[in-house]
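Listed below are the residues making up each chain.
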Amino acid sequence: MARIAIGGFQHETNTFAPSRAEYAAFEAGGGWPGVKYGEALFTAVEDANIPAAGAIQALRGLGHRMVGTAWAAASPSAHVTSDAFERILGGLIENLKAALPVDGVYLDLHGAMVTEAYDDGEGEILRRVREVVGPRVPIVASLDLHCNLTRAMLERADALVAYRTYPHVDMAETGARAARLLDRMLKSGSRLEEASRTLDFLTGLPSQSSFIEPCRGLYRELGELENLSDVVLSFTPGFPMADFEECGMAVFGYGGDAKAVGAAVERLREVVAGAERDFALELHAPDDAVRRARSVGEPGAPVVLADTQDNPGAGGNGDTTGLLAALVRQNAPEAALGLLIDAAAAKRAHEAGQGATLAFSLGGKSGIAGDAPFAGEFTVERLADGNFTCTGPMFKGFRMTLGPMALLRSRAAPGVRVALASKKVQAADQEMFRHLGLEPRRERILGLKSSVHFRADFEPIAREILVVKAPGPALADPSEFSWTKLRKGLRLRPLGPTYEG
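Residues numbered from 1 in each chain as written. Predicted model: local features only at pLDDT ≥ 70, side-chain atom pairs only at ≥ 80, totals over all residues. Heavy atoms only, no water.

With respect to the overall build of the protein
A count of helices and strands for the protein gives 14 helices and 19 strands. In terms of overall size, the protein behaves like a compact globule, its C-alpha atoms giving a radius of gyration of 22 Å where 501 residues would be expected to give roughly 23 Å. The C-alpha extent of the protein, read off along each of the three principal axes, is 70 × 45 × 40 Å. A burial count over the protein gives 65% of its 501 residues as buried. Counting only contacts in the protein whose residues sit at least 6 apart along the sequence, the fraction spanning at least 24 positions is 74%. Carbon and sulfur atoms make up 46% of the accessible area of the protein, which amounts to about 17,500 Å² in all. Where the 54 positive side-chain charges of the protein centre and where its 63 negative ones centre are 2 Å apart. (Helix = DSSP H or I, 4+ residues; strand = E, 2+ residues; numbered from the N terminus. Rg over C-alpha atoms; globule rule 2.2 N^0.38 Å. Buried < 20%, exposed > 50% of the residue type's maximum accessible area, 1.4 Å probe, protein only. Contact = heavy atoms within 4.5 Å. Areas by Shrake-Rupley, 256 points an atom, 1.4 Å probe, with all protein chains shown as cover. Lys, Arg positive; Asp, Glu negative; His and termini not counted. Charge placed at Lys NZ, Arg CZ, Asp CG, Glu CD.)

Here we look at helix H8 (residues 215-229)
In an α-helix, one turn spans 3.6 residues; hence positions three or four apart end up facing the same way. Given a rise of 1.5 Å per residue, 15 residues ought to cover 21 Å, and the 21 Å separating the end C-alpha atoms of H8 matches this to within 8%. For H8, the complete set of buried residues consists of Cys215, Gly217, Leu218, Tyr219, Leu222, Leu225 and Glu226. Contacts made by the buried residues of H8 are with strand S8 (232-236) and helix H9 (258-274). (Expected span 1.5 Å × (residues − 1).)

Section: the sheet that holds strand S2 (residues 36-37)
Pairing in this open sheet of six strands is mixed, and the strands run S2-S3-S1-S4-S5-S6 from one edge to the other. Either end of the sheet is taken by a strand with one partner, and the two such strands are S2 and strand S6 (159-162). Contacting strand S1 (3-10), S2, strand S3 (65-73) and strand S4 (104-109), helix H4 (residues 82-99) runs over the sheet at an angle of about 175° to S3. Lying on the sheet, helix H5 (residues 121-133) is in contact with S1, S4 and strand S5 (139-143); it crosses S4 at an angle near 165°. (Pairing = 2+ DSSP bridges. Axes fitted to C-alpha atoms, helices over the stretch in contact; angles between N-to-C directions.)

Regarding the packing of H8 against H9
Direction vectors running N to C along H8 and H9 enclose 165°, while the axes themselves pass 10 Å from each other. Relative to H9, the element H8 lies roughly antiparallel. Once H8 is placed against H9, the crossing between them reads as right-handed. Within the contact between the two elements, H8 uses Leu218, Glu221, Leu222, Leu225 and Ser229 and H9 uses Ala260, Ala264, Arg267, Leu268, Val271 and Val272. Residue composition of the contact of H8 with H9, by class: eight nonpolar, one polar and two charged. (Parallel < 35°, antiparallel > 145°, perpendicular 65-115°, else oblique. Left-handed = near helix turned anticlockwise from the far one by under 90°. Nonpolar A, V, L, I, M, F, W, Y, C, P; charged D, E, K, R; others polar.)

Overview of the nonpolar core
Formed by 149 residues in total, the largest nonpolar core has its most connected members in Phe9, Phe26, Val105, Leu107, Leu160 and Phe235. For this core, the element with the highest residue contribution is H4, accounting for eight residues. Those residues in contact with Phe26, other than ones at most four positions away along the chain, are Phe9, Gln10, His11, Ala21, Gly34, Val35, Ala72, Ala73, Ala74, Val80, Ala84 and Ile88. The next biggest cluster of nonpolar side chains, apart from the first, holds 33 residues, and it includes Ala335, Phe360, Ala406 and Leu420. (Core = buried A, V, L, I, M, F, W, Y, C linked by side-chain atoms within 4.5 Å.)

Digging into helix H11 (residues 322-329)
Of all eight residues in H11, seven are buried, a share of seventy percent or more. Those residues of H11 not exposed but buried are Gly322, Leu323, Leu324, Ala325, Ala326, Leu327 and Val328. Phi turns positive one or two residues past the end of H11, at Asn331, with a value near 50°.

Things to note about the sheet that holds strand S7 (residues 193-198)
Across the sheet, which stays open at both edges, the three strands sit in the order S7-S9-S8 with antiparallel pairing between neighbours. Whereas interior strands pair on both sides, the edge strands pair on one side only; in this sheet they are S7 and S8. Recorded for the sheet is a direction-independent mean angle of 10° between the axes of neighbouring strands. Summarising the sheet, S7 and strand S9 (residues 250-255) pair through six bridges and their orientation is antiparallel. Across the sheet, Glu194 pairs through a bridge with Tyr254, a residue of S9. Here H9 sits on the sheet and contacts S7, S8 and S9; the angle it forms with S7, its principal contact strand, is near 20°.

A few points about the packing of aromatic side chains
According to the stated counting rule, one finds 14 aromatic pairs in the structure shown. Measuring from centroid to centroid gives 5.8 Å for Phe9 and Phe85, while their planes differ by 25°, and the two rings are stacked. Linking Phe9 in strand S1 with Phe85 in helix H4, this pair joins segments that are 76 residues apart in sequence. Each member of the pair, Phe9 as well as Phe85, carries the same accessibility label: buried. Ring centres of Phe85 and Tyr118 lie 5.7 Å apart, and the angle between their planes is 50°; on these two criteria the pair is classed as tilted. Taken together, the residues span a long stretch of sequence, with Phe85 in helix H4 and Tyr118 in the loop between S4 and H5 at a distance of 33 residues. The exposure class assigned to Phe85 is buried, which follows from its relative accessible area of 1%. By the ring-pair criterion, three or more aromatic residues cluster together here, those being Phe9, Phe26, Phe85 and Tyr118. Sitting above the plane of the Tyr23 ring, Arg87 keeps its charged end 3.6 Å from the centroid. Sitting over the face of the ring of Phe360, Arg348 holds its NZ or CZ atom 5.3 Å from the ring centroid. (Phe/Tyr/Trp six-rings, centres within 6.5 Å; stacked < 30°, edge-to-face > 60°. Lys NZ or Arg CZ within 6 Å of the ring centre and 35° of its normal.)

Now the structure itself:
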C-alpha cells in the first residue's frame, strides 16, 4: 500500500480570447467543481466524469491511501492571472509539503494552460511539484486531448496520459489509466521508457472530434498499436488557440522497452501525418446554415447548428449574436439557441416575471469584431435558478450552478427561442435546456454554443450537424489568428500556409 498525493489544476487557455481567468473564475468552476483544498477535493469530484474521480477510484481499488492537495478548474478563457495561478498552485504545494512523505503523485492537468507569467503553465506546475517530492517519487498526470505537449512537461513527469475521445466521454477512464501506470511504477520500482513526436500542422477544433473522421480512425489505430506493442499511447491534436512556441499536435507513449516505445510512437506519428488532408472540415455561414436547417429539420430529428467560434469551451464568452440574428432574420420555425450568456438580461427577465413581454438588448458584450448586441422584443416564457445536474455522456454527474436562467421567445420571429444563463458554460448537455422546460428533440433547429462536446448528448437526436462560422474569438481556422510566437515552419491549417514569424 502506497501513500499517493492527489491534485488537479485545469485551464484551457485561448490567448486570443477577450477575458482572463481570475481567481473568481476558478471559484465559480464554469460547470466544474469550484476551488477546493486538502481533503475537500475528494467530495467535490466524486461520481463525476472527471479524471481525478477515475484516478481516485482506481487507486482505492488497488489498495493505496490518498491525501488531497488542491483542485481547481475554470471555463476556458484568455490567460490565467498570476494572482489566481499563485494562489491555487501555492495551496497545492503547501498541502503537498504537509503530506510528506508520499510514495507517488497523481495530477489532473489540462496541458494547455498559459498564464500571465508562464507560457507553459503545466510545465511550471510540474516543476514545483518535482521540487517538493524530489527525483525519485513518480509523478503521473492525466491530460486533456487538447493538450499542447511541451518538453518541460515530458521532462518533469514520469508519465503523461491523454483522453482519447472528443467529446471527452472518457475523462474518468483516462484518470484511471494514469492511476494504473502510477501503480505499475510503484510496484516495479522502475521508471518507464518514453518517446514523443510532434506534428507539423494545426487543425481547428471541429475537425478534432473522435466521433467523425479522421480522428475516429486514428484513435482506433492507436488502440490497435497499443495492443500490439504493449505501449501506453496518446495522441493530442492540440489546442490551436494558444500563441506560444510549442502549440500543436503530438504523439507520445510509455512502456518497458525503449525500442518498442519508439517504434510505436513513430508509427502513430506516420498515421496522423498521413491523415492531414482529412482534417479539412466544411464551415457554413450563418444564413446558409439556417436555410439548410429549415429545409431538412423536423421535430424529433432537429438539425444542430454548432456556433463553434463563440464556444465557451474554447475561450468564448457565449454572448455573440450572429447565429441568433440569422435565425430571427429567416423567421426560423421551432428553433432554440443556447446557451446565450447574459447575466443582465437574465436578471431583467426575472424582475419582469414569466409571461412579460419587453425589449431586450441581448449579448454582444465581448467586443468581438463583426458582432453587436441583438435588440428586439421577447416574451419571458420560463424562468429557472440555474441549479441542476447534467445527465449526458460527457457531463454526467456535473452539478451546474449557472445563476438565473430564462427562456425568451422572439416577438419578431415567434418560432425562435433563446435560452439565457448568467454564468458561462458550453451547451453540451440536454439538461441545460430541460431545466427551462424545453425538450431539445422536439425542436426543428438547435443552435448550440459549442464546437464538439455537444455531440455526445445531441448527435443521437440530430438529423444533421452543421458547423457554423459566426463571429467569435475561437476561430475554427487557426490560420486566421494573429500568431506571434509559434515555431517557424508549422502549417497553420491542414495543407495550409506555414508560419514564418
